[in-house]
Amino acid sequence: IAPENEDAKGISILCSLCQQTIYPYHLFYHKKTHKALTLLGYDSSQAKMDNETLLAQRHKLISKLTRFPKYSERHRQKIDYSFEFLMDDHTPTPYCDLDNTNSPSTPTKVKNSSIKALSVCQDKNSIWQGDMEDRFFVVDNYGNRPDTCFLGLVDGYRGVTAAETVVAEFPLLFLDQLAQIDSSYKKTEEEQQILNSFTTVIEADYRKNEKMFSDKQENDETNKTKNYEWIHKAYAKSFWRMDRLLQLGRNEVSKVRWSGCSAVTCLIERLPSKNTDGTEEGKHFENSTHSPLTRTAEDVAGLLHIANIGNVHAVLCKNGKSYCLSKEHSTSNVSERKRILQNGGNISTNEPDGLVEGHLRTTRGLGHHGDPVLKRSVIPVPHSISVPIDDSCQFLVIASNGLWEVLDYNQVCALTLTTFTHYLRMYECDQQNEASLYKCQYLMPLSEGDLNDSKATNDGIEILYSNKDIFLTDSKGNLTQSYTGQQLLKTTLPVDCKPPTDFEEDTKIYLSDCESQTAGRGRVTSGTLYDNAASYISEQLVKTALAAGSRDNITIMIVLLNGC
């Protein structure tokens, strides 16, 4: 994929089904076309059929369906809808005016040597949503530990009360669990006072159930990194306690159905620079050779401990490939549907995958205590995983459902790489333009006033300095010819004009000043290069999701790792 301009409408995306390059505002109808072809019995990657073939296929399917005395009228409606959709010539139209979309990103400074930059961009998606219910947190020096930060993104549902409570209290609950095992995690007096206020809520019988719950995590198939099982238990207990605190219903408005949320959190640790020999980490990486995400101890620079619940996800881009580090907890997950139905829950027949008790698509989450029937099926059990990171890990994308409902993991990874490359090209062009501001006429030594002029031209030809070579460009910026200093001197000076005797010495002094000033500007710009790149990527991903037809709040957190 390759961007044609800076706007998201000019960025093309590769369809994961048919491998066709399409624009974001074509993606909604493009996916519906695949779905309609599949329902009519064709291969989803097949090209669009002519009308006569579609009509014959519809008659064939309906004839086959009506042979059964108890056929589904709903299935026949789906066939008719798919046929009508494919017969119409749809002209894709953008869902929103991207030119008037203002979604500024928020760069955040973190003191973690594994992270080059971090930026968050949000958009309410005002066409479909009335309120912004997404929240996020970034805690640097987590637990008073250097090179450790804690990130989180919370996607609220039916209000922001649960999401705001999780953002404020979950980092404390998780820190309390970590500090009980690892003494390097420290709590302040204020944090300890807040935790002490929760003790009356976590009663003795609840602590007993909590222990039974956390012990069950040992047999969880998703828990593959046994050496970090204590962190996964800490995650499980923290989510369990957070859900218990939400049961208090603080600041809830409705008396019928309280708010809830999905969440994804990430603990980023930087390992010591010296290699681990015989330590717990070293043994873990030596024994874990089956996953493409694992590396030897010498290559590992840090660790990602990720836990998610619901339909918000974290994707790691490593060597240009995407690795989803979270799990989809929704009715589209076959195992989740089976769990709910076996426990006596109900899933409606709403499209596309049904709703839990007719209200919610997510099967796990925090909150939702206002409806006891719904809460019986929606459980606060997270999926957690620990992954080593090295210099081949490029990006970590954490986003709410607004992004994942229109783009898959591979598309987001490819789009992130393309956008980052596009930004670097723009940055390179800007640097070249800045270096070209030092210009002269007839190659005479320039005064301070001349240096302030943006252009110096001679009959429509610009004379540009670049180190000790001089380049001639036309009015459009195209390179016409290059010269050394002496060659250009003979070419541009008038016939009756002789070169000054001190020309070479003054030119050397001027060029050395140019190099020093350009180098100074480069150092200043390079300090914010990755921050600006992260902001640019997050903003472009939000615009792409809007153009692709997202109907939910959009929050995207971009983490630039050392591999980028």
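By convention here, each chain's residues receive numbers from 1 onward along its written sequence. For this predicted model, a pLDDT threshold of at least 70 governs which residues receive local features, and a threshold of 80 or more governs which side-chain atom pairs are given and counted, while totals over whole chains, interfaces and linings are taken from all residues. Derived side-chain values reflect all non-hydrogen atoms in the structure, with water molecules and hydrogen atoms excluded from consideration.

Strands here mean DSSP runs of E at least two residues long; helices mean DSSP runs of H or I at least four residues long; both are numbered from the N terminus. Looking only at helices and strands, the protein chain features 15 helices and 18 strands. Of the contacts made within the protein chain by residues no fewer than 6 positions apart, 67% connect residues no fewer than 24 positions apart. It only takes one pair of heavy atoms within 4.5 Å for two residues to be counted as in contact.

Once that is clear, we can look at the packing of helix 4 (residues 161–181) against helix 5 (residues 189–196). Simply put, an axis is a line fit to the C-alpha atoms, just over the touching stretch for a helix, and the angle between two N-to-C directions goes from 0 to 180 degrees. At their nearest, the axes of helix 4 and helix 5 sit 10 Å apart, and the two run at 95° to each other. By the criterion of interaxial angle, the relationship of helix 4 to helix 5 is roughly perpendicular. Two secondary-structure elements touch here, helix 4 through L172, L173, L175 and D176 and helix 5 through E191, I194 and L195. Taken together, the residues that form the contact of helix 4 with helix 5 break down as 5 nonpolar, no polar and 2 charged. For classification, angles of less than 35 degrees are called roughly parallel, those exceeding 145 degrees roughly antiparallel, those between 65 and 115 degrees roughly perpendicular, and all remaining angles oblique. Classes in brief: Ala, Val, Leu, Ile, Met, Phe, Trp, Tyr, Cys and Pro nonpolar; Asp, Glu, Lys and Arg charged; the others, Gly included, polar.

Our next topic: the packing of aromatic side chains. A pair of aromatic rings is counted whenever rings of Phe, Tyr or Trp (Trp by its six-membered ring) have centres within 6.5 Å, and the orientation is called stacked for planes under 30 degrees apart, edge-to-face for over 60 and tilted otherwise. Going through the model one piece at a time under the given rule, you end up with 13 aromatic pairs. Centroid distance Y142 to Y185: 6.4 Å. Interplanar angle 70°. Geometry classified as edge-to-face. In this pair, Y142 sits in the loop between strand 5 (134–140) and strand 6 (148–157) while Y185 sits in the loop between helix 4 and helix 5, placing the two residues 43 residues apart along the sequence. Each residue gets one of three labels from its accessible area relative to the maximum for its type: buried under 20%, exposed over 50%, partly exposed in between, using a 1.4 Å probe on protein chains only. In this structure Y185 comes out as buried when scored by relative accessible area, which is 3%. Seen from their ring centres, F170 and F239 are 4.7 Å apart, and the 55° between their planes marks the pair as tilted. Separated by 69 residues along the polypeptide, F170 in helix 4 and F239 in helix 7 (residues 229–246) bring together distant segments of the chain. For F239, a relative accessible area of 1% gives the class buried.

Moving on: unusual backbone geometry. The phi torsion at R158 lies on the positive side, around 55°, for a residue other than glycine. Within the secondary structure, R158 sits in the loop between strand 6 and helix 4. Exposure remark for R158: the relative accessible area of 45% places this residue in the partly exposed category.

Read from one edge to the other, the open sheet built from 6 strands follows the order 3-4-18-13-9-10, with strand pairing classed as antiparallel. Only two strands of the sheet have a single partner each, and these edge strands are strand 3 (105–107) and strand 10 (321–324). When the angles between neighbouring strand axes are averaged without regard to direction, this sheet yields 20°. Examined bridge by bridge, strand 13 (residues 393–399) and strand 18 (residues 554–561) share 5 bridges and lie antiparallel to one another. Within strand 18, the position partnered with L396 by the bridge is V559. Strand pairing is assigned whenever DSSP detects at least two bridges linking the two strands.

Below, the discussion takes up helix 3 (residues 73–87). The length a helix should cover is 1.5 Å for every residue beyond the first. End to end, helix 3 covers 21 Å across 15 residues, agreeing with the expected 21 Å (1.5 Å per residue, within 8%). Residues of helix 3 that are buried include every one of I79, D80, S82, F83, F85 and L86, and no others. In this structure, the buried side of helix 3 is in contact with helix 1 (27–39) and helix 2 (51–65).

Salt bridge, as applied in this entry: a Lys or Arg side-chain nitrogen positioned within 4 Å of an Asp or Glu carboxyl oxygen. The full count for this structure, using the stated rule, is 13 salt bridges. Linked by salt bridges that have partners in common, R145, D182 and E269 make up one network.

This part takes up the pairing of strand 6. Counting buried positions over the 10 residues of strand 6 gives 9, a clear majority of the element. When strand 5 meets strand 6, the two strands line up antiparallel, connected through 7 bridges. Its bridge partner lying in strand 6, R135 is registered against V154. Here strand 6 runs beside strand 7 (residues 260–270); their pairing, made up of 10 bridges, is antiparallel. Paired with V154 across the strands is A263, a residue of strand 7.

What follows deals with the side chain of R364. Note on placement: R364 falls in the loop between helix 9 (334–342) and strand 11 (366–367). Polar contacts here mean pairs of N or O atoms no more than 3.5 Å apart (in protein, one a potential hydrogen donor and the other a potential acceptor; neighbouring residues in sequence count only if both atoms are side-chain atoms). A polar contact of 2.9 Å, which involves the side chain of R364, links it to the side chain of E336. From its side chain, R364 meets the backbone oxygen of V381 in a polar contact 3.1 Å long. With residues up to four places along the chain from it excluded, the contact list for R364 reads S262, I309, G310, H329, E336, R339, V378, I379, V381 and P382.

On to the nonpolar core, then. In globular proteins that are soluble, nonpolar side chains generally tend to be buried together. Counting 38 residues, the largest nonpolar core has L403, L407, I556, I558 and L560 as its most contacted members. For this core, the secondary-structure elements that each account for two or more residues are strand 4 (115–123), strand 9 (313–318), strand 13, helix 11 (401–404), helix 12 (409–435), helix 15 (503–547) and strand 18. It is helix 15 that provides the largest number of residues to this core, a total of 9 residues. The contact partners of I558, leaving out residues within four places of it in the chain, are A117, L118, S119, L396, V397, A534, I537, S538 and L541. Here the nonpolar core consists of buried residues drawn from Ala, Val, Leu, Ile, Met, Phe, Trp, Tyr and Cys, with membership extended through side-chain atoms lying within 4.5 Å. Listed in part, the 33 residues of the second largest apolar core include A163, L195, Y235 and L246.

Here we come to the environment of G320. Mapped onto the fold, G320 is located in the loop between strand 9 and strand 10. Expressed as a C-alpha distance, the spacing of G320 and Q394, which sit 74 residues apart in the sequence, is 7.8 Å.

All we've got here are geometric facts, nothing functional implied.
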